[in-house]
Amino acid sequence: MLLASDSPLELCALDAEHVAAVLEDCVDQLAVLGSIISIPDNPGNAETNSIDEIAKLLNGQKHLEGRYEELVMGDKNSPEMSSLKQNMKSSAQAIMKSVKLNPLATENLIKLQQDREYLQDLIAECLEEVSQEGSFEGLIRATVEEREKKNKLQETILREEDARKNVRALQRQLLELKKSKEVEMQSRNEMIAHLKDQLQETRAKTTMERKYIEKECQVQKVMKNKQCQMTEAELQMELENLQIQLEEENKVNKETEMWVKKHHDQLQEKVEYWMDKYEREVDQKSEELSGLKGSKANILLKLQELTLKYQEYEEVVMEDRAQKEKAKKAAEKAELEIRCATKIQAWWKGVMVRRGLGPYAKKKGKKGKGKKGKKGKKGKK
């Protein structure tokens, strides 16, 4: 079978038309079935001819289901379609079985009518879905829901059966207990009859023995009475002790309640005190925090002002340092130049003296004059 898409729940257009035709025919058949089925007011006067018609219509529904399965079940291995087929078959078989077993029962007719209406609505919704969308997901969902309902009903039935089994077991136990008690009562009655016979024999034997037995019975009776009185006294004393204990427990309980209430009031007062103290301290700390925030803002402003001043002073100091550095470098440079110039002048003077250049040149003339000139120069120096 060709599908309209990759989804296993969608049909192609041709298959959708075929399935829609089958579903429409099924809806019509169910409508006819609904018009035929009538629930009588008196079950004894129901007509038997409607049974054959219902069976025929159910057979027709089964045939239509087979045709629907042939058209829809293109993939035989699909678990959803296999479960759908199995559920539809089991539903139809259950209806057939119920109608055949008790066809004229009013409850079966009502159940059959409800199932028919539900099936008609479901097939109508499936027909609309197949016609519009080309899929039958609604039918799958309805089948799953019905399966869940059926499982829940089955669980309820199983629980009811277990309860019935338990009731039957208890009834059997009750019967067995009743029989055992009856046997015990019968044995006791036989024993009483035997004792009566012995008593009659004893009375028949001798009057003395009878008196002795009567006295013995009286003594036993007195003893039993005394024992009962002692037991009653003990129980009375125990009851009084229990009453005393109960009164003490009530007293202790009241005192405990009073102490707990008093302690609760004290704790409540402490809680209120601490809450008030907490609120006061919170308000105080909030005010202090506000003041600290204000002082912090003022300090930040002062810090910014001082930072600006520091930056200005730092710039002035840097400029002063730069000027001093420049002046120092200029002085060192001037001193270096002076030393260099002095050295150059001394060197040049030495060169002039050694070579006799310039004013140190040798003059031509008499030697005496030259010597005198030299001595004069020395004297001047």
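Keep in mind it's a predicted model, so treat the numbers as computed, not measured. (Residues numbered from 1 in each chain as written. Predicted model: local features only at pLDDT ≥ 70, side-chain atom pairs only at ≥ 80, totals over all residues. Heavy atoms only, no water.)

Some remarks on the packing of aromatic side chains
- Applying the stated criterion across every chain yields a total of 2 aromatic pairs.
- An angle of 70 degrees between the planes, with centres 5.5 Å apart, marks the rings of Tyr273 and Trp274 as edge-to-face.
- Judged by centre distance (6.2 Å) and plane angle (45 degrees), the rings of Trp347 and Trp348 are tilted.
- Overall, the relative accessible area of 45% leaves Trp348 in the partly exposed class. (Phe/Tyr/Trp six-rings, centres within 6.5 Å; stacked < 30°, edge-to-face > 60°. Buried < 20%, exposed > 50% of the residue type's maximum accessible area, 1.4 Å probe, protein only.)

Details of the pattern of salt bridges
- Within the structure shown, the criterion is met by 6 salt bridges.
- Its salt-bridge partner being Glu184, residue Lys181 comes within 4.0 Å of it at the nearest N-O pair. Here Lys181 and its partner Glu184 are both found in helix H5 (residues 137-205), 3 residues apart, which amounts to about one turn of the helix.
- Owing to a relative accessible area of 47%, Lys181 belongs among the partly exposed residues under this scheme.
- Taking the shortest distance from any N to any O, the salt bridge between Lys324 and Asp320 comes out at 3.4 Å. Of this pair, Lys324 and Asp320 are both found in helix H6 (residues 207-355), 4 residues apart, which corresponds to roughly one turn of the helix.
- When its relative accessible area of 55% is taken as the criterion, Lys324 is described as exposed.
- For Asp320, a relative accessible area of 32% puts it in the partly exposed group.
- Each of Lys181, Glu184 and Arg188 takes part in salt bridges that share partners, so that together they form one network. (Salt bridge = Lys/Arg side-chain N within 4 Å of Asp/Glu carboxyl O. Helix = DSSP H or I, 4+ residues; strand = E, 2+ residues; numbered from the N terminus.)

Everything listed here is a matter of geometry and, on its own, says nothing about what the molecule does.
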